Amino acid sequence: MIAFLLLLIPLITGVAAFIIKKQQLVKSWAILSSLITMVVAIYAAVKAPESSLSYNDSWLSLLGASFALKLDGLGLILVLLTAIAFPVIFIATYNTTYKKSSAYYGLMLLAQAGLMGVFLAYDVLLFYFFWELALIPVYFLCSGWGGEKRIPVTFKFFVYTFLGSLLMLAAILYVYSFTPDKSFSMASFYNVQIPYHSQAWLFWLFFVAFAIKMPVFPFHTWQPDTYEQSPTGTTMVLSGLMVKMGVFGVMRWLLPVLSMPAYAWGDTVSSMAVIGMLYGSLMAMKQDDIKRLVAYSSMAHIGLMALTLFAETEIGYQGVMIQMFNHGINIIGLWICVEIIERNLGTRKFSELGGLAQKAPALTVFFVIIAFANIALPLTSGFPGEFLMFTGIYTSQVTNYNVIFTVLAGLCIILGAVYTLNMIRKIFFGNTTEKTAGAKDISLNEKLVLTAVVVIILWLGIFPQSMLDLTEAASKALFKEADVTHLLTK
Amino acid sequence: MMFAALIVKKSSVIKSLAIAGAAILLVVNVMQLRGIQLLKINTTGMLFFDQYALVFTSVLLAVLLLFFILNNAEIEKIGNNLAEYYALIFFIMCGVILVASFKSLLILFLGIEIISIPLYILTGSDKRNLKSNEASLKYFLMGSFSTGIMLMGIALLYGATGTFAVDKMVFLTEKPAVIPVAGMLLLLFSLAFKVSAAPFHFWTPDVYDGAPTPFTGFMSTIVKAAFFIGFIRLFAGGLLPLEKSWSLWIAVIVAVTLLIANLTATFQQSAKRMLAYSSIAQAGFMLLAVLGYKMGGFEAMVYYGAAYCLASVGIFAVLAKLDDYSFEGFNGLAKQQPLVALFVTICILSLAGIPLTAGFLAKFYVIKATILTGGCTWLVIFALIMAAVSVYYYFKIIQAMYFKTGNANLAASNTFKIALAIIAVLIILLGMYPQLLLYWLYF
């Protein structure tokens, strides 16, 4: 029941938001709804009894698809992330006025409903349904409220993602044809026996869909433009939550079902991920626009997650799971700061910024802490995740190149430090420019929200055990499904 | 209806009569589905009103009812002979029912002709418009030619098997002789012409573009769906023993149709022509259902027919009310008529195949049937890539409505909006609960 509630609350409040016309009222409505969802999600994580976490109903029984929702460890992390992220986003963007705000907030809540559905679905067809559904509100959000070149850019994003999803649909149906009881449920998909010669192209069809979403090189070309052109609230949703859909998809549906080709093609995919990481980090160093820099930095971080997934170690899986949460919070914190800078100063370019620390010390403190989390400095939440991931890559049993991958990934972290610290220096230190001369410090709601983000960062950095407890069972289960080393002859 | 033209002069009475007629037909059809028969006519085994035919005709009659409600005002503006237009449409529906329930090749031919000849007249009914005259002549000449080919095919099949009855034909499955295969191929080509599959589709854009928009809406939905049911009943029913001969042909036709239609549609400037090409592309998908006949192709066909007809009727009805048929004609519609824009968006999302709409489940059923039957997975992947291409031209309409400024003006009465709302609600309901329709096939 709780699982269904998590889906239903944003859905109903989203549809209702379209009718509310007064801007202040609809903002409060959105914040209230997302806070309720957050409370329900935290309750589900901490105290809820097992039975209420799953919800099963018949839907397309002739086809073998059921409306099955369940909160297990992997889904729980991401549901928590979604539930916490949305109130943070709404409160942080409280001061921004959007024209036709009832449509804006309605679409954001519908996007949350779609995301919840993806993370909760225990049935492949339902997963696919929500995967596509989450795309539609984001399309309208980016096209309606974005920057100058938003229409062609958003359209490219939509068609690219849609093509990947359709290919995944073909693969889903092909795997479905091999299930003994002709059903789309998770159990039958995990246990299906597919003839080996089909597994390779099935793997690639699935992986292309997820790779476009994450994005992994070379399917990344939509990302920097889309992140730049969309309104920052939507960018938070895109980079904080929607990319996790891709990583989640690999963990939930690709590695357990198609584990042999995941092993066989693991080196290829890992190389793609590493190239993406290096490319993203190098491009980030060259950017003048803050938004594009953060976009490329996000690509580098997600590349690391993809690399870890295909290294197939239990500790690596755990690292990816907690890093999904941490990266989500960090990147949303970064985007909040970017939005504040853009809204108050009217520019996103480094060349026009500088010396902001003198005018807005509170913003500086928050930004620096979040940026340190981006670099994975110890004491911040970025560190445990990255450390576990590096351990996973280094101790990987399935690849011969684990040392090379670790070294290159470590190089990217160092490059990350370069561009992040460079960004801090250029925005905050040095002399004030004409744009920043009249800057004021941030307002109360922004301080509140950034405090929350920083508290989460520091808490999870110093005491990550709570996260690790949540994810341990799920990563063990995933490792059991995805591991093929026992099948290999020594 | 025809006699009504002589007696009644007031157009509103004629329109109500048309709607009443469509409603009565629908009710009678549904009653027959449930086993209540009003008239018993001995059709000497030439017609067979089985469950599948009745469901399909019920769907088409329901769409016809919605079509009448939506387009009444526009049909009146086409010319002076309002009652005759309705009479012709009802004649066409008679042909549709014949095609849906045929058991004898003669009845199939009769049904196709009864559909086609009034359509030639309706296409040219805008007498002062040169494009309409051209479309009508083109359709008539090419249609008659294809009918000739079909007759030759029927004659060859009769010569080979000695009977017209489709379920009594016996073929050698190991090495089919030349004559029945040739007959089958000729039938295939002529039916492909009627459903506008490539490379027999060249008449479609000009005819759909030239005909008055309400009739285009009728032609591209109800009539096309009727030809499809004839197609699947013929090839996956009677001519099934010859499967090895026609399956590769149909697969190639599907591939060429999807390729040509989707690529050409992206270059169109006029929304009406784009919708014509889009209907060719949708026809390609429906043909794919024929290839999946073994594992649910029949139910995929009826579901796809329902989803496609609903969405297309909605869009053509809105297009009929606009002055400007290019994409710019839609500019700024969302500001002027937000409800209408929302319903059009739902129809377009259904045509593009976005989940939660009937169009997605329709494509899903077709693909599932084809993959499970096996043997043409390459075609399925190609079809999906083409479906992604189709998103481009469908979304041009959404972009014009919501994100461009212009002055599209639409005079929409409340009945119009209610009918569009019904279509949108049906699309979403069918998209979540396909059992609503498919249940009728089995019970």
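Everything here concerns the structure above.
One numbering rule holds for all chains: residues counted from 1, following each sequence as written. As a convention, the first chain written is A and the first ligand written is 1, with the rest following in written order. Under the rules for a predicted model, residues below a pLDDT of 70 receive no local features and side-chain atom pairs below 80 are neither given nor counted, while totals for whole chains, interfaces and linings still include all residues. As a rule here, side-chain values come from all non-hydrogen atoms in the structure, and water together with hydrogens is ignored.

> What is the right way to look at the overall build of chain B in this model?
The helix and strand labels rest on DSSP assignments: H or I over at least four residues marks a helix, E over at least two residues marks a strand, and numbering proceeds from the N terminus. Scanning chain B from terminus to terminus reveals 18 helices and 0 strands. Taken over the C-alpha trace, chain B has a radius of gyration of 21 Å; the compact-globule value for 443 residues is 22 Å, and the two agree within 12%. Residues classed as buried in chain B amount to 62% of the 443 residues present. Residue exposure ignores everything except the shown protein chains as possible cover, and the areas themselves are Shrake-Rupley values with a 1.4 Å probe. A total accessible area of about 16,300 Å² is found for chain B, and carbon and sulfur atoms account for 69% of it. Averaging the positions of the 27 positive and the 16 negative side-chain charges in chain B gives two centres separated by 4 Å. We compute the radius of gyration from the C-alpha atoms alone; for a globule the expected value is 2.2 Å times N to the 0.38, where N is the number of residues. Think of it in three bands: with a 1.4 Å probe and only protein chains considered, a residue is buried below 20% of the maximum accessible area for its type, exposed above 50%, and partly exposed in between. We treat Lys and Arg as the positive residues and Asp and Glu as the negative residues; His and chain ends play no part in the count. By convention, charge coordinates are those of NZ in Lys, CZ in Arg, CG in Asp, or CD in Glu.

> I tried to follow the overall build of chain A on my own but got confused; where do I start?
The secondary structure content of chain A amounts to 21 helices and 2 strands. At 22 Å, chain A has a C-alpha radius of gyration in line with the 23 Å of a compact globule built from 490 residues. Based on the C-alpha atoms only, the size of chain A along its principal axes is roughly 70 × 55 × 45 Å. Burial analysis of chain A (490 residues in total) assigns 67% to the buried set. Of the roughly 16,600 Å² of accessible surface on chain A, a fraction of 67% belongs to carbon and sulfur atoms. Within chain A, one finds 29 positive and 25 negative side-chain charges whose respective centroids are separated by 9 Å.

> Any chance you could explain the packing of helix H18 (residues 382-394) of chain A against helix H19 (residues 402-428) of chain A here in plain terms?
Geometry of a packed helix pair, given as the angle between the helix axes and the separation of the axes. Residue and element names in this part refer to chain A. Think of each axis as a best-fit line through the C-alpha atoms, taken over the contacting stretch in the case of a helix, with angles from 0 to 180 degrees between the N-to-C directions. Contact geometry for H18 and H19: axes closest at 8 Å, N-to-C directions at 155°. As the angle between them shows, H18 and H19 are arranged roughly antiparallel. The segment H18 lies against H19, with Glu-386, Phe-390, Ile-393 and Tyr-394 engaging Asn-402, Val-403, Phe-405, Thr-406, Ala-409, Gly-410 and Ile-413. We call Asp, Glu, Lys and Arg charged. Ala, Val, Leu, Ile, Met, Phe, Trp, Tyr, Cys and Pro are nonpolar, and the rest, Gly among them, are polar. Across the contact of H18 with H19, the residue classes break down as 7 nonpolar, 3 polar and 1 charged. Convention used here: angles under 35 degrees read as roughly parallel, angles over 145 as roughly antiparallel, angles from 65 to 115 as roughly perpendicular, and any remaining angle as oblique. Should any heavy atoms of two residues lie within 4.5 Å, those residues are counted as being in contact.

> How do you make sense of the state of the cysteines when you look at a structure like this?
Here a disulfide denotes one covalent bond, and it connects the sulfur atoms of two cysteines. Residue and element names in this part refer to chain B. Cysteine sulfur pairs qualify as disulfides if the two atoms are within 2.5 Å. For the structure on display, the rule yields 0 disulfides over all chains. The cysteine Cys-347 is free of any disulfide, with Cys-309 supplying the nearest cysteine sulfur at 12 Å. You can call Cys-347 buried: its relative accessible area is 1%.

> Can you walk me through the interface of chain A and chain B in this structure?
Interfaces are frequently sized by the accessible area removed from exposure as the parts join. Taken together, the 32 residues of chain A in the interface contact 35 residues of chain B. It is Phe129(A), Phe155(A) and Leu173(A) that lose the most area in chain A upon contact with chain B, and together they represent 17% of the buried surface on that side. Salt bridges are counted wherever a side-chain nitrogen of Lys or Arg sits within 4 Å of a carboxyl oxygen of Asp or Glu. For the pair chain A and chain B, the interface holds 0 salt bridges. Two N or O atoms form a polar contact when they lie within 3.5 Å of each other; inside protein one atom must be a possible hydrogen donor and the other a possible acceptor, and for residues adjacent in sequence the pair counts only when both atoms belong to side chains. The interface formed by chain A and chain B contains 1 residue pair in polar contact (both at pLDDT 80 or more). Elements supplying a minimum of two residues to the side of chain A that touches chain B: strand S1 (54-60), helix H5 (124-133), helix H6 (135-145), helix H7 (150-176) and helix H9 (196-213) of chain A. Of all the elements, H7(A) adds the most residues to the side of chain A that touches chain B, at 13 residues. Split into classes, the residues belonging to the side of chain A that touches chain B amount to 27 nonpolar, 3 polar and 2 charged. By buried area we mean the combined loss of accessible area, with a 1.4 Å probe, across both parts when two parts are placed together.

> For this particular structure, what's the right way to read the pattern of salt bridges?
When their charged atoms lie close together, side chains carrying opposite charge are able to pair. Residue and element names in this part refer to chain A. For the coordinates displayed, the defined rule picks out 17 salt bridges over all chains. Of the charged contacts, one joins Glu-342 and Arg-348 as a salt bridge, the two residues approaching to 2.8 Å between their closest N and O atoms. Under the relative-accessibility criterion, Arg-348 is labelled buried at 15%. Residues Lys-476 and Glu-472 are paired through a salt bridge, measuring 3.5 Å at the closest nitrogen-oxygen approach. In this pair, Lys-476 and Glu-472 are both assigned in helix H21 (residues 465-482), 4 residues apart and thus about one turn of the helix distant. Taking the relative accessible area as the measure of exposure, Glu-472 reaches 35% and is therefore partly exposed. Here the residues in one salt-bridge network are Asp-225, Glu-228, Asp-289, Arg-292, Glu-342 and Arg-348, joined through shared partners.

> Before we go on, may I ask you to explain helix H9 (residues 213-238) of chain B in this structure?
For an α-helix, the turn length of 3.6 residues means that residues three or four places apart are oriented alike. All names here are of chain B. Under the convention used throughout, the expected extent of a helix is 1.5 Å for every residue step, that is, one less than its residue count. Here H9 contains 26 residues, and its C-alpha end-to-end distance of 36 Å stays within 8% of the 38 Å for a straight helix at 1.5 Å per residue. We define the bend at each residue as the angle formed by axes fitted to the 7 residues ending at it and the 7 residues starting at it. The largest bend along H9 measures about 30° and falls at Met-219. Of all 26 residues in H9, 25 are buried; the element is thus mostly enclosed.

> What's the story with unusual backbone geometry in this structure? I'm lost.
Across residues other than glycine, the phi torsion is negative in most instances, and most of the peptide bonds are trans. Residues and elements named next belong to chain A. For the bond running from Met-214 to Pro-215, omega is -15°, close enough to zero to count as cis. Position of Pro-215 relative to the elements: it lies in the loop between H9 and helix H10 (223-229). With an omega of 0°, the peptide bond between Phe-217 and Pro-218 qualifies as cis. With a phi angle near 70°, Ala-376 is a residue other than glycine that sits in the positive phi range. Assignment of secondary structure puts Ala-376 in the loop between helix H17 (361-375) and H18.

> So what exactly am I meant to see when it comes to the environment of Ala171(A) here?
Residues and elements named next belong to chain A. One can find Ala-171 in helix H7. Of the residues examined, Ala-171 reaches a relative accessible area of 0% and is grouped as buried. Residue contacts for Ala-171: discarding those within four places in its chain leaves Leu-202, Leu-205 and Phe-206.

> How do you make sense of the packing of aromatic side chains when you look at a structure like this?
Working definition: an aromatic ring pair is given by the centre-to-centre distance plus the angle between the planes. Classification of ring pairs uses Phe, Tyr and Trp, with its six-membered ring standing for Trp, and accepts pairs whose centres are within 6.5 Å; under 30 degrees between planes counts as stacked, over 60 as edge-to-face, and the remaining range as tilted. Enumeration according to the criterion identifies 72 aromatic pairs over all chains in this entry. Seen in terms of ring centroids, Phe127(A) and Trp253(A) are 5.6 Å apart; in terms of plane orientation they differ by 45°. Their pairing is tilted. Placement of Phe127(A) in helix H5 and of Trp253(A) in helix H11 (residues 232-254) is noted, with a sequence separation of 126 residues between them. Of the two residues, Phe127(A) and Trp253(A), both sit in the buried class. One aromatic cluster is present, formed by Tyr128(A), Phe129(A), Tyr176(A), Phe184(A), Phe189(A), Tyr303(B), Phe360(B), Phe364(B) and Tyr365(B) through successive ring pairs.

> I keep staring at the packing of helix H12 (residues 297-321) of chain B against helix H15 (residues 358-373) of chain B and nothing clicks. Help me out?
Residue and element names in this part refer to chain B. Look at H12 against H15: their axes get within 9 Å of each other, and the N-to-C directions meet at 160°. The angle between H12 and H15 falls in the class roughly antiparallel. As for how H12 packs across H15, the hand of that crossing is left-handed. Between H12 and H15, the contacting residues are Gly-297, Glu-299, Ala-300, Tyr-303, Tyr-304 and Ala-307 on the first element and Ala-358, Gly-359, Leu-361, Ala-362, Lys-363, Tyr-365, Val-366 and Ala-369 on the second. In the contact of H12 with H15, the residues fall into 10 nonpolar, 2 polar and 2 charged. Crossing handedness is defined as follows: a turn of the near helix away from the far one that is anticlockwise and smaller than a right angle gives a left-handed crossing, while the clockwise case is right-handed.

> How should the side chain of Gln287(A) be read in this particular structure?
With respect to the element layout, Gln287(A) can be found in the loop between helix H13 (266-285) and helix H14 (290-309). Polar side-chain contacts of Gln287(A) include one of 3.2 Å to the backbone oxygen of Met283(A).

> Can you help me understand a nonpolar patch on the surface in this one?
Distance thresholds for patches are 9 Å for like charges and 5 Å for nonpolar side chains (Val, Leu, Ile, Met, Phe, Trp, Tyr), applied to residues having over 30% relative accessible area and no salt bridge. A cluster of nonpolar side chains, namely Leu379(A), Val455(A), Leu458(A), Trp459(A), Ile462(A) and Phe463(A), defines an oily patch on the protein surface of about 620 Å² accessible area. Relative to the helices and strands, Phe463(A) is located in the loop between helix H20 (444-462) and H21.

> Help me understand the pairing of strand S2 (residues 65-70) of chain A, please; the structure alone is not making it clear to me.
Put simply, side chains in a regular strand alternate between the two faces of the sheet. Residue and element names in this part refer to chain A. With 5 of 6 residues buried, S2 lies mostly within the body of the structure. Taken together, the 6 bridges between S1 and S2 define a ladder with antiparallel strand orientation. In the strand pairing of S2, Ser-58 is matched with Ser-66. Connecting S1 to the antiparallel partner S2 that follows it, the hairpin turn spans 4 residues, and Gly-64 within it adopts a positive phi of roughly 95°. Two strands pair under a simple rule: DSSP has to find at least two bridges between them.

> Please clarify how H15(B) should be interpreted in this entry.
Residue and element names in this part refer to chain B. Between its first and last C-alpha, H15 extends 23 Å over 16 residues, near the 22 Å set by a 1.5 Å rise per residue. Of all 16 residues in H15, 16 are buried, a share of seventy percent or more. Backbone geometry just after H15 places Gly-374 at a positive phi near 90°.

> Help me understand the environment of Lys131(B) in this model?
Residue and element names in this part refer to chain B. Its location among the elements puts Lys-131 in helix H6 (residues 130-161). Overall, Lys-131 belongs to the partly exposed group, its relative accessible area being 42%. Lys-131 sits 92 residues away from Val-223 along the chain, and the two C-alpha atoms are 21 Å apart.

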